[in-house]
Amino acid sequence: MDTDAAFPLIISVDDHTVEPPTVWQDRLPRKYLDTGPRVVRAPLKDMTFLGGRFKPVMGGPGDEGPVGDWWVYEDLRRPLTRLDTAVGYDRDEIRLEVITYEQMRPGSFDVPRRLADMDVNHVQSALCFPTFPRFCGQTFTEAADRELGLLAVRAYNDWMVEEWCGPDARGRLIPLTLIPLWDAELAAAEVRRNAARGVRAVAFSEIPPHLGLPSVHTDAWDPFLAACDETGTVVAMHIGSSSRMPSTSEDAPPAVGSTITFANCCFSMVDWLLSGKFERFPNLRVMYAEGQIGWIPYILERADVVWEENRGWGGVADKVHRPPSELFADHVYGCFFDDAFGLRNLDAIGVGNVLYETDYPHSDSTWPKSREVGEAQMGHLAPDVVERIVRGNAIDLLGLTPQGLWR
C-alpha cells in the first residue's frame, strides 16, 4: 500500500465475508453436524428475485440445471450467488445465478487473499457483515431448534473473532458479531462475552417487526441495549437486515428496489430517534451500513418539526426531550460508498456522523476504485474532513488503535 498517498487509507465499515464451508462443521457438537449449516453441491431448479423477495429452489440428484454450492440448514436451502461476490466481473456480466466457491474471487472467503484485495483498493481495515447468516443473523432466528441456533450464533462469533479477525488478519479485519435475536437476555450475554475479547460492533435488524420481533418502541430490547451501552458496542444495521428490501409491488424488477435501498434505513432511523432509547441509554451508538447519506438532512428537518409541533399528540413528549437532530448528532452514523449529493450537503448531516465503506465483494462495490471514487466526490472537502470521513470517525466509533487497526 502507498501510505504516503494524499488520500487517507480507507477504513471500510461495510464489507462482507462469505463464510468458508467448515465454519459450523468445525465448531458444532457432533450431534448437530447433520442438521447444522453445511455446504452441498447441487443443481438449481428455479430462482427468482422479484418484489424484494429472493426465492431459490434446489434441484435433486440427476436434475438438470446450473450447479452451485448451497448452504443447507434444517429445511433451508440457500445457494451462493454471483450477487454475493461479484467483484472482478464486468458489470454487464453480473447476473442472478448460482456459483461455487471456485467461481468466486478467493478474497471473499480467504483472509490473506482478502488483505491482498484490500491493498489493491487502498483499504487498511474493514468491518465485515455475514452472508449465510444474513445481515443480522436472521437465518438462525428463523430456525426451529433454538438450542442449535444459539450454538450456531456462538460458533459464528468464535470464527469471526478467532479466525477471520485472527492473527493472519494482522488487526486489519474488524469483528462484527451476531446475537440470538429471539432472546434479549441471551443477546445481552453474547454482547458481553464478545466485548470481553475486544469486539465493539454487533449486527441488528433495521426493522425488527419485519422479522416477527418486537419494535424498538417497546422495552423488550432493553437488556440487549443496556449491554451495548455498558460495553460501548455499536449497533450496526445493514440494508436488508429486516429480510425485506424496499419495493413497490410483487412484480417490480430488482432495479426498483436497488434504487431505493436506503428506504428501510430512513424508516429505521426515525424509529430510533423517536423511541426514547438514546436518552435511556446515553452511550448507545447505531450505524446504518450501505444506507448512503443524501436523504438524512430532510428527515432530520422533518423529525424536528414533528417533535416541536406535534410531540404531544404524536406520543413522544414523555420520552423524547431533545430535538431529533441533536440525538442524531450524538448517536447515529450514516455509511456510504457512492453519494456525491450527500457529500455536497455534509454540513446538514455532520462531519462526525459519516463513515466510508467499499461493500466488497458485492455487486455495488466500488472495488478496486474506492479511492478514486472518494477522491472525485470529496475533492471539495478540507483534508482534515476527508481524514475524519475515511478513517477517523471509524477509529473513534469502533475503538481501533490510532493506526486504524483492531488490535
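Residues numbered from 1 in each chain as written. Predicted model: local features only at pLDDT ≥ 70, side-chain atom pairs only at ≥ 80, totals over all residues. Heavy atoms only, no water.

Per an unreviewed UniProt entry, the protein chain goes by Amidohydrolase family protein and derives from Streptomyces doudnae.

Asker: How should I be thinking about the packing of aromatic side chains in this particular structure?
Answerer: Aromatic ring pairs are reported here in terms of the distance separating the ring centres and the angle at which the planes meet. Applying the stated criterion across every chain, the model contains 19 aromatic pairs. Ring geometry for Tyr-73 versus Phe-132: centroids 6.3 Å apart, planes at 75 degrees, classification edge-to-face. Taken together, the positions of Tyr-73 in strand E4 (residues 67-73) and Phe-132 in the loop between strand E6 (123-129) and helix H2 (138-141) put the pair 59 residues apart, joining distant regions of the chain. Accessibility classification places Tyr-73 together with Phe-132 in one group, the buried group. For the pair Phe-336 and Tyr-356, a centre-to-centre distance of 5.2 Å together with 50 degrees between the ring planes defines the contact as tilted. Residue Phe-336 is located in strand E11 (residues 332-336), and its partner Tyr-356 is located in strand E12 (residues 354-356); the two are separated by 20 residues in the primary sequence. Taken as a pair, Phe-336 and Tyr-356 share a single burial class, namely buried. Feature note: the residues Trp-24, Trp-71, Tyr-73, Phe-132, Phe-140, Tyr-156, Trp-159 and Trp-164 constitute an aromatic cluster, connected by ring pairs. Directly above the ring of Tyr-89 sits Arg-82, whose terminal nitrogen or CZ lies 3.9 Å from the centroid. (Phe/Tyr/Trp six-rings, centres within 6.5 Å; stacked < 30°, edge-to-face > 60°. Helix = DSSP H or I, 4+ residues; strand = E, 2+ residues; numbered from the N terminus. Buried < 20%, exposed > 50% of the residue type's maximum accessible area, 1.4 Å probe, protein only. Lys NZ or Arg CZ within 6 Å of the ring centre and 35° of its normal.)

Asker: How should I be thinking about the nonpolar core in this particular structure?
Answerer: Soluble, globular proteins show a tendency: their nonpolar side chains are buried together. If you look at the biggest cluster of nonpolar residues, it comprises 114 residues, and the most contacted ones within it are Phe-224 and Met-287. Judged by nonpolar contacts, the second largest core, of 5 residues, contains Ala-42, Met-47, Trp-70 and Val-98. (Core = buried A, V, L, I, M, F, W, Y, C linked by side-chain atoms within 4.5 Å.)

Asker: What am I meant to see in unusual backbone geometry here?
Answerer: Trans is the common state for peptide bonds, and a negative phi is the common state for residues other than glycine. Following Tyr-360, the chain continues to Pro-361 via a peptide bond in cis, the omega torsion being 0 degrees. Position of Pro-361 relative to the elements: it lies in the loop between E12 and helix H12 (370-378). The amide bond that connects Trp-367 to the next residue, Pro-368, takes the cis arrangement and shows omega of 0 degrees. Take Pro-368: it is sitting in the loop between E12 and H12. The backbone of Glu-74 sits at a positive phi, close to 50 degrees, despite the residue not being glycine. Tracing the chain through its elements places Glu-74 in the loop between E4 and strand E5 (76-79). Using a relative accessible area of 23% as the deciding quantity, one classes Glu-74 as partly exposed.

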